[in-house]
Every structure is written in structure tokens, then in C-alpha cells.
Amino acid sequence: AVISLGAWALFLAHVCAYGVVSATTRCPVQSTSCPTNATCCKSAYSFSGYGCCLLSNAVCCEDQQSCCPTGYECAKISFGTACKKVTDGLATDEDLVFPCGQFQGQDCKSSSICKPGPEHNASSSLPNCIVLGDSISVGYTPHVIAMLNGSCFVQHSPWSSDGGACSTSYALSCMDIFARTAQLYPIKPNVYVFNFGLHDYNSDSEAFIDEYVAELTKIRDRLLQSGAKLLWATTTPVPYSSDINRVVEILNEKALSQVITPMHIPSVDLYQAVINRCGPSPFWNCPISLNRPGNPNVHYTSDGFQYLASIVSPAIKKLLSTS
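Below: a short report on this structure. Per chain, residues are indexed from 1 in the order of the written sequence. Local features in this predicted model are restricted to residues of pLDDT 70 or higher, and side-chain atom pairs are both shown and tallied only at a pLDDT of 80 or more, whereas totals for entire chains, interfaces and linings draw on every residue. Here the side-chain values reflect all heavy atoms present in the structure, with hydrogen atoms and water set aside.

## Brief notes about the overall build of the chain
(1) Moving on: Across its full length, the chain holds seven helices and 15 strands.
(2) Moving on: The contact criterion used is simple: two residues touch if any of their non-hydrogen atoms lie within 4.5 Å. For the chain, the share of sequence-separated contacts (at least 6 apart) that also reach a separation of at least 24 residues comes to 65%.
(3) Moving on: Of the accessible surface of the chain, which amounts to about 13,800 Å², a share of 53% is contributed by carbon and sulfur atoms. Elements are defined by DSSP. Helices are runs of H or I of four residues or more, strands are runs of E of two residues or more, and each kind is numbered from the N terminus. Shrake-Rupley sampling with a 1.4 Å probe provides the accessible areas, and residues are treated as covered by the protein chains on show and by no other component.

Written out as C-alpha cells, the structure reads:
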């Protein structure tokens, strides 16, 4: 995404201090807090109902996904929300772009609200495992918890439903929120399972693919700095479009060859696992998929999510058993 210098300056001024969160502001619900130099906003898919806008004294937008700086108002546009500067009581057009789109490569004309990190504090008696990813990982995480059966305290980050950690752009802007609990207590995971891709296929242009690789590399490095062992999960297929699915295949190949394998990070191939059960994309009536004619869907049935968890769980166990 092409980011205006003014937006970058405004964004970075409020984000640079997030390396250490020394003070917090409690949201209207006790389960969620935000840094004092951020703003608590209602968040559409947060399980607590709230999230953090990384701007001080921000204007929280009605879509509960966006926020704007002080002196701006939220305006609905054809795709999402834009921040319009208010001058003498009137909203004016201004090119204000933020590096935080819910979809990678998107010019986000409002700042995104970060969903909160994991719900619970880290376990002091068990290894801690964090699943960081999109709604597919949200779906299989409960099954991973059951399969690991107390051998690791597993939580998903963010603590949310639809979209999860969304795109690489969104996750990068929200990493300091995702890496702490919903009340901003630190977590030192033993294992991070991570994945990005389903919110990153909006274009097959080289520029967007290069952006995905660059942002994924920064996320990888941030996770490595935590001291946790990493496990990469490939992006699952887009079952209703062979053209879009081809972009997912490219992202999977680029992620593995340029980001994951060079650092000797183990991976699980969820993409191929689904193809093995459903056949190549497009597929419409696979028993483990919710994709049906007239109702395109990238998600899975309970059995489908359990199937994916049966691939992820042994890989986590293997990482926990190695020194």
C-alpha cells in the first residue's frame, strides 16, 4: 500500500512506544485494556466486544472496525470507512492513508481497530502455545486444545471470531496488542503457530506479493525474537475460484521458499491436506468444506476443522518434545 507521509508520521508517533506497555486504560469491559496512548473502541469481532485503536483520543467509527484521529470524522465509502478532516464544522476530502488494512495491499483510509490478544494470562504450570492466524485457525484451535489434552495451554491470538489476525498488514500494525493478553499482560509462548494468506490474495500483482513476503518476514522476525519455537501452517485453498486459488498457491510457495524454509522453521501443509480430501479447486460438495453452489465459503465443518487440527496438533507436540 502507498502510505502518505502525514499518515505515517501520525501512526508512528503513537506506535513507537508500544515496545513496552507501562500503563494501560481499562475498556468498559474488565476483560480488555488498551495502552494509555491508544483508544478503546467497540470491536465487531472481538469476543469481549472491544479492541484498541492505536491513536490517542481517536474517533471510533460505527463499523466497529475503523477509527480516525481527533479532528476527523468517519465517512462511509464504497469499500469500508474513510477519515475526513473536519474544518469549520465541515468534512473535507483529504488523502489520509494508514498502513493497517484488514486486507493486505489495501489503501486503508481509516486506522483499523486491533482486536485484543489472548483472553487468559499465561500458564505457570504448562507450556504456552499461541495460534496466530485467520478464521481458519480460529476454527481449528478448540480442536487443537482438545487433542493436546493439557500438554500445552493453547490460546488463539487475537481473541476474536471472524477474520482473526487478518492480513499481514493488519497483524504488523497490531502485533504489540496480539503479543499480550487482552489485559496487556506479557506472554512468553513456548510455541507460536502462525499463518497468513486468506486476507492477502486480493491481487496477483508482483507488488502485492512482494509486500506480503516483506511483511510476513517482519512478523516472523518478531515471533523469533520472543524466543518461542515457530510452526508455520500453509494457507488453505479458496474452493470457489481456481484463479484466486492460484494466488494462494503463489503465496504459499513464496512464504515457504523466502520466509520459512531459510530459517529452518517447520511447517504443516494444510493446503495439501485439504486438496487430498476435497480435490483441486474449485470443489463444491466436499464433506469437510462449507463451500456450496450459490454459497461460496472458505471455511470448514466441525469435522473439517477437526481434520486440520489433527495435522497441527502432532507438529506442536513434536516441537514441545525437542530441546
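## Looking at the side chain of S137
(1) Moving on: Position of S137 relative to the elements: it lies in helix α2 (residues 135-148).
(2) Moving on: On the accessibility criterion, S137 (3% relative accessible area) is buried.
(3) Moving on: Only 2.8 Å separates the side chain of S137 from the side chain of H156, close enough to count as a polar contact.
(4) Moving on: Every residue in contact with S137, bar those within four places of it in the chain, is listed here: V131 and H156. Think of it in three bands: with a 1.4 Å probe and only protein chains considered, a residue is buried below 20% of the maximum accessible area for its type, exposed above 50%, and partly exposed in between. Polar contact is defined as a pair of N or O atoms within 3.5 Å, subject to the rule that within protein one atom must be able to donate a hydrogen and the other to accept it, and that residues adjacent in sequence are counted only when both atoms are side-chain atoms.

## Here we look at the pairing of strand β10 (residues 111-114)
(1) Moving on: For two strands to count as paired, DSSP must find a minimum of two bridges between them. Where strand β4 (residues 50-53) lies against β10, two bridges are found, and the strand directions are antiparallel. Residue pairing across strands places C53 opposite I113, the latter belonging to β10.
(2) Moving on: Across two bridges, strand β6 (residues 66-68) lies against β10 in antiparallel orientation. Directly across from C67, in β10, lies its bridge partner S111.

## A look at the state of the cysteines
(1) Moving on: When two cysteine sulfur atoms lie within 2.5 Å, the pair is treated as a disulfide. Going through the model one piece at a time under the given rule, you end up with nine disulfides.
(2) Moving on: The disulfide partner of C129 is C152, and the gap between their sulfur atoms is 1.8 Å. Between C129 and C152, the S-S dihedral sits near 115°, and the bridge is therefore right-handed. Of this pair, C129 sits in strand β11 (residues 128-132) while C152 sits in the loop between α2 and β12 (153-157), placing them 23 residues apart in sequence. Taken as a pair, C129 and C152 share a single burial class, namely buried.
(3) Moving on: The thiol of C166 is not disulfide-bonded; the next cysteine sulfur, from C174, is found 8.7 Å away.
(4) Moving on: Exposure remark for C166: the relative accessible area of 3% places this residue in the buried category.

## Considering the sheet that holds β12
(1) Moving on: One open sheet accounts for five strands, arranged β12-β11-β13-β14-β15; its pairing is parallel. At either margin of the open sheet sits one strand with a lone partner, and together these are β12 and β15 (267-268).
(2) Moving on: Note that β11 and β12 share five bridges and pair parallel. Bridging across to β12, N128 finds its partner in F153.
(3) Moving on: All axes are obtained by fitting lines to C-alpha atoms, using only the stretch in contact for helices, and the reported angles, taken between N-to-C directions, cover 0 to 180 degrees. Contacting β11, β13 (191-194) and β14 (229-233), helix α4 (residues 206-225) crosses the sheet at an angle of about 150° to β14.

## Considerations on the environment of A122
(1) Moving on: Structurally, A122 can be placed in the loop between β10 and β11.
(2) Moving on: On the accessibility criterion, A122 (34% relative accessible area) is partly exposed.

## A few points about the sheet that holds β4
(1) Moving on: Spatial ordering of the open sheet is given by β3-β4-β10-β6-β5, a layout of five strands whose pairing is antiparallel. Where the open sheet ends on each side, the last strands, each with one partner, are β3 (39-42) and β5 (59-60).
(2) Moving on: Running over the sheet, helix α3 (residues 168-178) touches β4 and β10 and is turned about 40° from β10.

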